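A look at the structure
Letter by letter, the chains look like this.
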Amino acid sequence: MHTVKHWFNDSLVGQGLLVFGLGVGLNALLRHDDPPAMWLVQGAVFTVVAMVAIVLQRRRMSRVTGASPGAIAGLLRKIRHHEVPRDPRERAVMRRLVDDQLGKIERGERWLPYWLGAMGLIAVGLLVLGFTGGALGYSLFFAVFVAAFCVWLLWTRRRALTLYRDMRRALREQG
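Every value quoted in this text rests on a predicted model; they were computed, and no experiment measured them.

**Section: the environment of Val55**
The residue Val55 is located in helix H3 (residues 36-65) in this model. A residue is classified by how much of its surface remains accessible, and Val55, at 28% relative accessible area, is partly exposed.

Below you can see the structure in the form of structure tokens.
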């Protein structure tokens with residue numbers, strides 16, 4: 001199980017297969033009236049879009065850090081597991097990666113209240129549409145989903161900030 005998890009984390013093929021399976025499964029679940037060939041086509045489109053986003057993100061991170069795109073996933077895994085590398089060059093690369101990720105999170109902090117406010121307006125708008133349109137069950141479900149998504153977003157952001165700040169501190173202590 002451990003190697004399968006690492007394969008999905010490191011391999012673009014593994015991530016592509018996972019996205020394709022999820023895309024086909026969600027299409028089958030939500031669009032059960034469409035033919036199965038359409039599920040496969042839409043799953044393939046979702047996969048291509050997701051893979052392009054992942055490849056571009058890894059290339060950007062590799063330019064910032066100086067590491068190869070394949071090494072970025074391993075560095076992020078080491079950060080998640082609080083593993084400080086022994087090699088000074090790898091520590092320097094990880095330091096640049098941590099600084100870049102912290103900078104991105106801290107720059108996004110300025111826009112966070114606006115995004116959360118927009119999500120709140122969406123949730124309230126869904127409830128109002130549910131009351132006026134008569135489909136209260138669906139609108140209530142989606143409003144709760146939007147609220148839960150906002151809570152999850154804040155929790156994930158807080159956890160990432162703690163993780164990167166702890167790693168920055170550990171890297172400074174190591175030299």
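**Description of the pattern of salt bridges**
Opposite charge on two side chains permits them to pair, given that their charged atoms come into close proximity. In total, this model carries seven salt bridges according to the counting rule given. For Lys78, the salt bridge goes to Glu90, with nearest N and O atoms at 2.7 Å. Taken together, the residues Lys78 in helix H4 (residues 69-80) and Glu90 in helix H5 (residues 88-108) connect sequence positions twelve residues apart. Notably, a salt bridge pairs Arg157 with Glu109, separated by 3.5 Å at the nearest N-O pair.

**Things to note about the packing of H4 against helix H7 (residues 136-174)**
In contact at an axis separation of 9 Å, H4 and H7 are set at 90 degrees when each is read in the N-to-C sense. It follows from the interaxial angle that H4 and H7 lie roughly perpendicular. Residue-level inspection shows Leu76, Lys78, Ile79 and Arg80 of H4 in contact with H7, the latter providing Leu163, Tyr164 and Met167. Looking at the contact of H4 with H7 residue by residue, the class counts come to five nonpolar, no polar and two charged.

**Quick notes on the packing of H5 against H7**
In a packed pair of helices, the relevant descriptors are the angle between the two axes and the axis-to-axis distance. At a minimum axis distance of 10 Å, the contact between H5 and H7 shows a crossing angle of 145 degrees. In terms of crossing hand, the pair formed by H5 and H7 is left-handed. Listed contacts from H7 to Arg91, Met94, Arg95, Val98, Asp99, Gln101, Leu102, Ile105 and Glu106 of H5 are Arg157, Ala160, Leu161, Tyr164, Arg165, Met167, Arg168, Leu171 and Gln174. A class-by-class count of the residues in the contact of H5 with H7 yields nine nonpolar, two polar and seven charged.

**As for the layout of surface pockets**
For the largest pocket, the calculated volume is near 670 Å³. Surrounding the largest pocket, 23 residues form its lining, Gln57, Leu76, Arg80, Gln101 and Tyr164 being those nearest its centre. Secondary-structure elements contributing two or more residues to the lining of the largest pocket are helix H1 (2-10), helix H2 (12-30), H3, H4, H5 and H7. Split into classes, the residues belonging to the lining of the largest pocket amount to 14 nonpolar, five polar and four charged. Here the second largest pocket is characterised by a volume of approximately 170 Å³. Ile105, Gly108, Glu109, Leu112, Trp152, Leu153, Thr156, Arg157 and Ala160 are the residues that line the second largest pocket.

**Looking at the packing of aromatic side chains**
Under the definition given, this model contains three aromatic pairs. Judged by centre distance (5.7 Å) and plane angle (55 degrees), the ring pair of Trp111 and Tyr114 falls under tilted. Summarising the aromatic geometry, the rings of Phe141 and Phe142 are spaced 5.3 Å apart at their centres and angled 65 degrees between planes, so their arrangement reads as edge-to-face. Exposure remark for Phe142: the relative accessible area of 42% places this residue in the partly exposed category.

**Some thoughts on the side chain of Ser139**
Among the secondary structure elements, Ser139 is positioned in helix H7. With residues up to four places along the chain from it excluded, the contact list for Ser139 reads Leu126, Leu127 and Gly130.

**What to know about a nonpolar patch on the surface**
Where nonpolar side chains cluster on the molecular surface, the patch consists of Tyr138, Phe141, Phe142, Phe145, Phe149, Trp152, Leu153 and Trp155 and spans about 930 Å² of accessible area. Tracing the chain through its elements places Phe141 in helix H7.

**Re the environment of Ile54**
In this structure, Ile54 sits in helix H3. Separated by 45 residues in sequence, Ile54 and Asn9 place their C-alpha atoms 12 Å apart. In contact with Ile54, not counting residues within four places along its chain, are Leu12 and Gln15.

Conventions and cut-offs
- Residues numbered from 1 in each chain as written.
- Predicted model: local features only at pLDDT ≥ 70, side-chain atom pairs only at ≥ 80, totals over all residues.
- Heavy atoms only, no water.
- Helix = DSSP H or I, 4+ residues; strand = E, 2+ residues; numbered from the N terminus.
- Buried < 20%, exposed > 50% of the residue type's maximum accessible area, 1.4 Å probe, protein only.
- Salt bridge = Lys/Arg side-chain N within 4 Å of Asp/Glu carboxyl O.
- Axes fitted to C-alpha atoms, helices over the stretch in contact; angles between N-to-C directions.
- Parallel < 35°, antiparallel > 145°, perpendicular 65-115°, else oblique.
- Contact = heavy atoms within 4.5 Å.
- Nonpolar A, V, L, I, M, F, W, Y, C, P; charged D, E, K, R; others polar.
- Left-handed = near helix turned anticlockwise from the far one by under 90°.
- 1 Å grid on protein atoms, 1.4 Å probe; cavity = no way out; pocket = protein on both sides within 12 Å on 5 of 7 lines; lining within 4 Å.
- Points joined across faces, edges and corners; volume = space filled by probe spheres on them.
- Phe/Tyr/Trp six-rings, centres within 6.5 Å; stacked < 30°, edge-to-face > 60°.
- Patch = residues over 30% accessible without salt bridge, like charges linked within 9 Å, V, L, I, M, F, W, Y side chains within 5 Å.
- Areas by Shrake-Rupley, 256 points an atom, 1.4 Å probe, with all protein chains shown as cover.

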